[in-house]
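# Geometric and topological summary
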Amino acid sequence: MSGVLARLDVKHLLDPVMTVYVVETASPVQIEQLCQLARDAMTALGSDASPFALASSLHRLQKDLATACSNPVLARCCVAAEDDFLAARPLLLRGEKGRSITADYLEGLMTSLRARCAETAASSARNYIARLVDWCRESGTFPG
């Protein structure tokens, strides 16, 4: 299994649960800050920013999601997984397909955060990661 797929497997276990905690317990100020970071990342995805700059923007969002998670053990695991995932994320953002999948996720994340809908947040995170995995497998390329 490639390094990218291995990392996505870990994110598939952690991110949906983390987003449920965030949706259910984050303060209104934290929710707005997270939505702003997601908007900033979506703007960057539509620009000619390098995959590394895009990865950095998404990394900040994911780290802030972990900070807003009220389960400290889960938050630490998510931060560790996210720090490791930073090595793979630029590979997923080199082309339009990865950027499109990520933009769809960010839109859904903002919607679920604002609606405080845990079910939608978890489903959105699972779907995002599943789409990335499917894309990697379909393309026949396993970077990293």
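Residues numbered from 1 in each chain as written. Predicted model: local features only at pLDDT ≥ 70, side-chain atom pairs only at ≥ 80, totals over all residues. Heavy atoms only, no water.

## Let's talk about the environment of Lys 63
- Topologically, Lys 63 is positioned in helix H3 (residues 51–68).
- A sequence separation of 17 residues divides Lys 63 from Ala 80, and the C-alpha atoms of the two residues are 9.5 Å apart. (Helix = DSSP H or I, 4+ residues; strand = E, 2+ residues; numbered from the N terminus.)

## Concerning unusual backbone geometry
- Despite not being glycine, Arg 116 has its phi angle at roughly 55 degrees, a positive value.
- Mapping Arg 116 onto the fold places it in the loop between helix H6 (96–115) and helix H7 (118–139).
- Using a relative accessible area of 34% as the deciding quantity, one classes Arg 116 as partly exposed. (Buried < 20%, exposed > 50% of the residue type's maximum accessible area, 1.4 Å probe, protein only.)

## Points about the pattern of salt bridges
- Scanning all chains against the criterion turns up eight salt bridges.
- With a closest N to O distance of 2.9 Å, Arg 7 and Asp 84 form a salt bridge. Here Asp 84 lies in helix H4 (residues 72–85) and Arg 7 lies in helix H1 (residues 3–25), a separation of 77 residues in the sequence.
- Residue Arg 7 is classed as partly exposed on the basis of its relative accessible area of 22%.
- Between Lys 11 and Asp 15 there is a salt bridge whose closest N-O contact spans 3.0 Å. Of this pair, Lys 11 and Asp 15 both sit in helix H1, separated by four residues, roughly a single helical turn. (Salt bridge = Lys/Arg side-chain N within 4 Å of Asp/Glu carboxyl O.)

## Overview of the nonpolar core
- Ranked by internal contacts, the top residues of the largest apolar core, which has 47 residues, are Leu 8 and Val 22.
- Listed by contribution, the elements that provide at least two residues to this core are H1, helix H2 (28–45), H3, H4, H6 and H7.
- At nine residues, H7 tops the list of elements feeding residues into this core.
- Residue contacts for Leu 8: discarding those within four places in its chain leaves Phe 85, Leu 92, Ile 129, Leu 132 and Val 133. (Core = buried A, V, L, I, M, F, W, Y, C linked by side-chain atoms within 4.5 Å. Contact = heavy atoms within 4.5 Å.)

## Some words on H7
- Between its first and last C-alpha, H7 extends 32 Å over 22 residues, near the 32 Å set by a 1.5 Å rise per residue.
- On the buried face of H7, the contacting elements are H1, helix H5 (89–92) and H6. (Expected span 1.5 Å × (residues − 1).)

## What about the packing of aromatic side chains?
- Under the definition given, this model contains one aromatic pair.
- Taking 4.3 Å as the distance between ring centres and 10 degrees as the angle between the ring planes, the aromatic pair formed by Tyr 105 and Tyr 128 counts as stacked. Taken together, the positions of Tyr 105 in helix H6 and Tyr 128 in helix H7 put the pair 23 residues apart, joining distant regions of the chain. For the residue pair Tyr 105 and Tyr 128, the accessibility class agrees, reading buried in each case. (Phe/Tyr/Trp six-rings, centres within 6.5 Å; stacked < 30°, edge-to-face > 60°.)

## Things to note about the packing of H1 against H7
- H7 packs onto H1 with a crossing angle of 165 degrees between their chain directions and a minimal axis gap of 7 Å. If you check the angle between H1 and H7, you find them roughly antiparallel. For the pair H1 and H7, the crossing hand works out as right-handed. In this structure, H1 uses Val 4, Leu 5, Leu 8, Lys 11, His 12, Asp 15, Pro 16, Thr 19, Val 20, Val 23 and Glu 24 to contact H7, whose residues at the interface are Ala 118, Ala 121, Ala 122, Ala 125, Arg 126, Ile 129, Leu 132, Val 133, Cys 136 and Arg 137.
- Of the residues belonging to the contact of H1 with H7, the class tally is 14 nonpolar, two polar and five charged. (Axes fitted to C-alpha atoms, helices over the stretch in contact; angles between N-to-C directions. Parallel < 35°, antiparallel > 145°, perpendicular 65-115°, else oblique. Left-handed = near helix turned anticlockwise from the far one by under 90°. Nonpolar A, V, L, I, M, F, W, Y, C, P; charged D, E, K, R; others polar.)

So far we have only geometry, and geometry alone does not tell us how the molecule works.
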